[in-house]
Amino acid sequence: MSGKVFDRSEVEKHKDSKSTWIVIYDKVYDVTKFLEEHPGGEEVLLEQAGGDATEAFEDVGHSTDARELMKDYCIGEVPESQKTNKDRATRSKTSPTAPTSDHGSSWTGWLLPLGIALAAALLYRFLIAPQNQN
């Protein structure tokens, strides 16, 4: 990152395919050259262009590789007075690569389905299967 500071009003001017800037965790990214490469399509980035895309970015659940790739497009950050993610100060200077406490870790995504599958297997084994043997 260059260490430059961009007012949010400056970011708002870059909201088309010729110049596409977004803010994620108070950092400014110029994703113009990434539009065609974005796996979700350029429309997704253009919808967020010129504004804060933090929530949309997290809702999708980007991979670690995607978070690493972001570093190549970071051109600066918003001024301290305009930061909206101050409550995430524990995030290594609002880095999108650091895990957050309000987002569950990856194991929670499969824990519930695993529990349901285990309960169904036990139900079948001890309740349904013995009745079929009679």
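Provided above is the structure to which this section pertains.
What comes next is a walk through the structure. (Residues numbered from 1 in each chain as written. Predicted model: local features only at pLDDT ≥ 70, side-chain atom pairs only at ≥ 80, totals over all residues. Heavy atoms only, no water.)

### With respect to the layout of surface pockets
Okay, so step 1: By volume, the largest pocket is sized at about 400 Å³.
Okay, so step 2: What lines the largest pocket is a set of 21 residues, among which Phe34, His38, Leu45, Phe57 and His62 lie closest to the centre.
Okay, so step 3: Of all the secondary structure elements, the ones that give two or more residues to the lining of the largest pocket are strand E2 (19-24), helix H2 (42-48), helix H3 (54-60) and helix H4 (64-70).
Okay, so step 4: With 4 residues, the single largest contributor to the lining of the largest pocket is H2.
Okay, so step 5: Considered class by class, the residues forming the lining of the largest pocket number 16 nonpolar, 4 polar and 1 charged. (1 Å grid on protein atoms, 1.4 Å probe; cavity = no way out; pocket = protein on both sides within 12 Å on 5 of 7 lines; lining within 4 Å. Points joined across faces, edges and corners; volume = space filled by probe spheres on them. Helix = DSSP H or I, 4+ residues; strand = E, 2+ residues; numbered from the N terminus. Nonpolar A, V, L, I, M, F, W, Y, C, P; charged D, E, K, R; others polar.)

### Considering the pattern of salt bridges
Okay, so step 1: Taken as a whole and judged by the stated rule, the model has 7 salt bridges.
Okay, so step 2: The salt bridge involving Arg8 is made with Asp26; its shortest N-O contact spans 3.1 Å. Within this pair, whereas Arg8 is found in helix H1 (residues 8-12), its partner Asp26 is found in the loop between E2 and strand E3 (27-30), the two being separated by 18 residues in sequence.
Okay, so step 3: In this structure, Lys71 engages Glu68 in a salt bridge whose closest nitrogen and oxygen atoms are separated by 3.0 Å.
Okay, so step 4: A relative accessible area of 47% means that Lys71 is categorised as partly exposed.
Okay, so step 5: Judged by its relative accessible area of 42%, Glu68 is partly exposed.
Okay, so step 6: Sharing partners across several salt bridges, the network here consists of Arg8, Asp26 and Asp52. (Salt bridge = Lys/Arg side-chain N within 4 Å of Asp/Glu carboxyl O. Buried < 20%, exposed > 50% of the residue type's maximum accessible area, 1.4 Å probe, protein only.)

### Comments concerning unusual backbone geometry
Okay, so step 1: One non-glycine residue, Tyr25, lies in the positive phi region at around 50 degrees.
Okay, so step 2: By the element assignment, Tyr25 lies in the loop between E2 and E3.
Okay, so step 3: Accessibility expressed as a relative area gives 0% for Tyr25, which makes it buried.
Okay, so step 4: Of note in this structure, Asp26 is not a glycine but carries a positive phi near 65 degrees.

### Details of the sheet that holds strand E4 (residues 74-77)
Okay, so step 1: In space, the 4 strands of this open sheet follow the order E1-E2-E3-E4, with antiparallel pairing throughout. Here the strands that pair on one side only, and so sit at the sheet edges, are strand E1 (15-16) and E4.
Okay, so step 2: Sheet topology note: the E3/E4 ladder contains 3 bridges and is antiparallel. By the bridge assignment for E4, Val28 is matched with Gly76. (Pairing = 2+ DSSP bridges.)

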